[in-house]
Amino acid sequence: MPTRSDIRNVAIVAHVDHGKTTLVDAMLKQAGAFSAHQQVDDRVMDSNDLEREKGITILAKNTAVKYHPKDGGDPITINIIDTPGHADFGGEVERGLSMVDGVVLLVDASEGPLPQTRFVLRKALAAKMPVILCINKVDRPDSRISEVVDETYELFMDLDATEEQIEFPIVYACARDGMASLNRPENGVTPDNDNLQPFFQTILDTIPAPVYEEGHPLQAHVTNLDASNFLGRIALCRVHNGTIRKGQTTTWCRHDGTMEKVRITELLMTDALERKPAEEAGPGDIIAIAGIPEIMIGDTIADAEDPRPLPLITVDEPAISMT
Ligand code: GDP
């Protein structure tokens, strides 16, 4: 099956405070974008002003990092989808994972994998996704890297990971300093590398590029909702097959089985942290669309003449123990 080799869709699963924001921030900086923190602050004002004027710029729930490979190859868009780091009761974990082809499990080098991330990790493993282990904060004086790696192996076995999944690549990082290495550093020592290149390369090598069917009619799955004062309801989708264009007439397949022809009045794609108008998107792309006020999570945007709805995303309620 053909693939979109210029895209990787990945979720970072982490317990709160293990450094997810810091890592994404460093990825954006090294890919040439502004600091995530700074840009968020700036953009709150920016986007309000812009929204008032044009009604197009809105905060994204996903981040797109455009990575330029060291060997000078074509840039690759790494879409990072936000998933809760813990069990949730609304299906957000399943929806987030339905947009990606693999996950990064980010673990604090001192705290190790914590029970709250088990639910999300279990879901990713059950979906047969490849996992990259990223041990962060290796610079911490109280880091215990080998033990944390062993604890992660035990956790994977406990969660019935496949042999392939257990052979996960390991990246050692100090997200705070924007550094990563494939060589295990001494506890408390920052990796002897001056960038995140090994982490980027591991993502490209481990997370499969999105696959699609040649000539298949449009199928885009609604996995999240957002709102803008000017555009109204916005549906976040992953395109699975076909292409979607601004202004195109499509079939809106509701999750209750009914269908209706609708026009895509606005198509947006994320650039760094910001959503920008786009003309066209294809398989594997993460898009936001406007113009369908009552669109719901689980709906499919399909071809006008040959509508084929995607199956519903099944949601498990987590056990009370959150395992
Ligand atoms: P999040 O909740 O997972 O998004 O975590 P943050 O990115 O907000 O980071 C939590 C705290 O860990 C912050 O105080 C960061 O400065 C700190 N932190 C992040 N990465 C590192 C690191 O590599 N080393 C150290 N020592 N601290 C870090």
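Residues numbered from 1 in each chain as written. Predicted model: local features only at pLDDT ≥ 70, side-chain atom pairs only at ≥ 80, totals over all residues. Heavy atoms only, no water.

In the nomenclature of an unreviewed UniProt entry, the protein is known as Large ribosomal subunit assembly factor BipA of Yinghuangia soli. Here the protein is described in UniProt, under the heading Sequence similarities (unreviewed entry), as follows: "Belongs to the TRAFAC class translation factor GTPase superfamily. Classic translation factor GTPase family. BipA subfamily." Under the UniProt heading Catalytic activity (unreviewed entry), the note attached to the protein is "GTP + H2O = GDP + phosphate + H(+)". (UniProt positions renumbered as here; feature names shortened; annotations may be inferred.)

**What about the packing of aromatic side chains?**
Scanning all chains against the criterion turns up 3 aromatic pairs. Taking 4.8 Å as the distance between ring centres and 25 degrees as the angle between the ring planes, the aromatic pair formed by Tyr-153 and Phe-168 counts as stacked. Placement of Tyr-153 in helix H5 (residues 145-158) and of Phe-168 in the loop between helix H6 (163-166) and strand E6 (170-174) is noted, with a sequence separation of 15 residues between them. For Tyr-153, a relative accessible area of 28% gives the class partly exposed. Relative to Phe-168, the ring of Phe-156 lies with its centre 4.7 Å away and its plane at 50 degrees, an arrangement referred to as tilted. Residue Phe-156 is found in helix H5, and its partner Phe-168 is found in the loop between H6 and E6; the two are separated by 12 residues along the sequence. Across this residue pair, the class does not change: Phe-156 and Phe-168 are buried. Counting every residue linked through ring pairs, the aromatic cluster contains Tyr-153, Phe-156 and Phe-168. Above the face of the Trp-252 ring, Arg-254 is positioned so that its terminal group lies 4.2 Å from the ring centre. (Phe/Tyr/Trp six-rings, centres within 6.5 Å; stacked < 30°, edge-to-face > 60°. Helix = DSSP H or I, 4+ residues; strand = E, 2+ residues; numbered from the N terminus. Buried < 20%, exposed > 50% of the residue type's maximum accessible area, 1.4 Å probe, protein only. Lys NZ or Arg CZ within 6 Å of the ring centre and 35° of its normal.)

**A few points about the packing of helix H1 (residues 20-30) against helix H7 (residues 197-206)**
Two numbers describe how H1 lies on H7: the axes approach to 11 Å, and their chain directions differ by 95 degrees. Our classification of the angle between H1 and H7 gives roughly perpendicular. Seen from H1, the contacting residues are Leu-23, Met-27 and Gln-30; seen from H7, they are Gln-197, Phe-199, Phe-200 and Ile-203. Here the residues of the contact of H1 with H7 sort into 5 nonpolar, 2 polar and no charged. (Axes fitted to C-alpha atoms, helices over the stretch in contact; angles between N-to-C directions. Parallel < 35°, antiparallel > 145°, perpendicular 65-115°, else oblique. Contact = heavy atoms within 4.5 Å. Nonpolar A, V, L, I, M, F, W, Y, C, P; charged D, E, K, R; others polar.)

**Points about the packing of helix H4 (residues 118-126) against H5**
Contact geometry of H4 with H5 gives a least axis separation of 10 Å together with a crossing angle of 60 degrees. In terms of orientation, H4 lies oblique with respect to H5. Crossing of H4 over H5 shows right-handed handedness. Listed contacts from H5 to Arg-118, Leu-121 and Leu-125 of H4 are Leu-155, Phe-156 and Asp-158. The class makeup of the residues in the contact of H4 with H5 is 4 nonpolar, no polar and 2 charged. (Left-handed = near helix turned anticlockwise from the far one by under 90°.)

**Some thoughts on the site of the ligand**
Contacts to the ligand come from 15 residues, most closely from Asp-17, Lys-20, Thr-21, Thr-22 and Asp-139. Contact distances for the ligand include 2.8 Å between an oxygen atom and a backbone N or O atom of Asp-17. Between the ligand and the protein, one listed contact pairs an oxygen atom with a backbone N or O atom of Arg-176 at 3.2 Å. Notes on the ligand: free accessible area 580 Å², of which the protein chains cover 72%. With 3 residues, the top contributor of residues to the shell around the ligand is H1. (Near = heavy atom within 4 Å. Polar contact = N/O pair within 3.5 Å; in protein donor to acceptor, adjacent residues only side chain to side chain. Areas by Shrake-Rupley, 256 points an atom, 1.4 Å probe, with all protein chains shown as cover.)

**Quick word on the pattern of salt bridges**
Oppositely charged side chains may form a pair once their charged atoms are brought near each other. Using the criterion set out here, one finds 19 salt bridges in the structure. The salt bridge involving Arg-144 is made with Glu-147; its shortest N-O contact spans 3.3 Å. Here Arg-144 falls in the partly exposed class, since its relative accessible area comes to 21%. Note that Lys-276 and Asp-271 form a salt bridge whose closest N and O atoms lie 3.0 Å from each other. Given a relative accessible area of 40%, Asp-271 falls into the partly exposed group. (Salt bridge = Lys/Arg side-chain N within 4 Å of Asp/Glu carboxyl O.)

**Remarks on the UniProt feature "binding site: GTP" (unreviewed entry) in the protein**
The UniProt feature table records "binding site: GTP" (unreviewed entry) at Asp-17, His-18, Gly-19, Lys-20, Thr-21, Thr-22, Asn-136, Lys-137, Val-138 and Asp-139. When near neighbours in sequence (up to four residues on either side) are disregarded, His-18 contacts Leu-106, Val-107, Asp-108, Glu-111, Gly-112, Leu-114, Asn-136 and Lys-137. Residues in contact with Lys-20, not counting those within four places in the same chain, are Ile-12, Ala-14, Asp-82, Thr-83 and Leu-106.

**Focus: the environment of Pro-198**
Checked against the element boundaries, Pro-198 lands in helix H7. Distance in space between the C-alpha atoms of Pro-198 and Leu-159 is 27 Å, their sequence separation being 39 residues. Residues in contact with Pro-198, not counting those within four places in the same chain, are Ala-180, Ser-181, Leu-182 and Asn-193.

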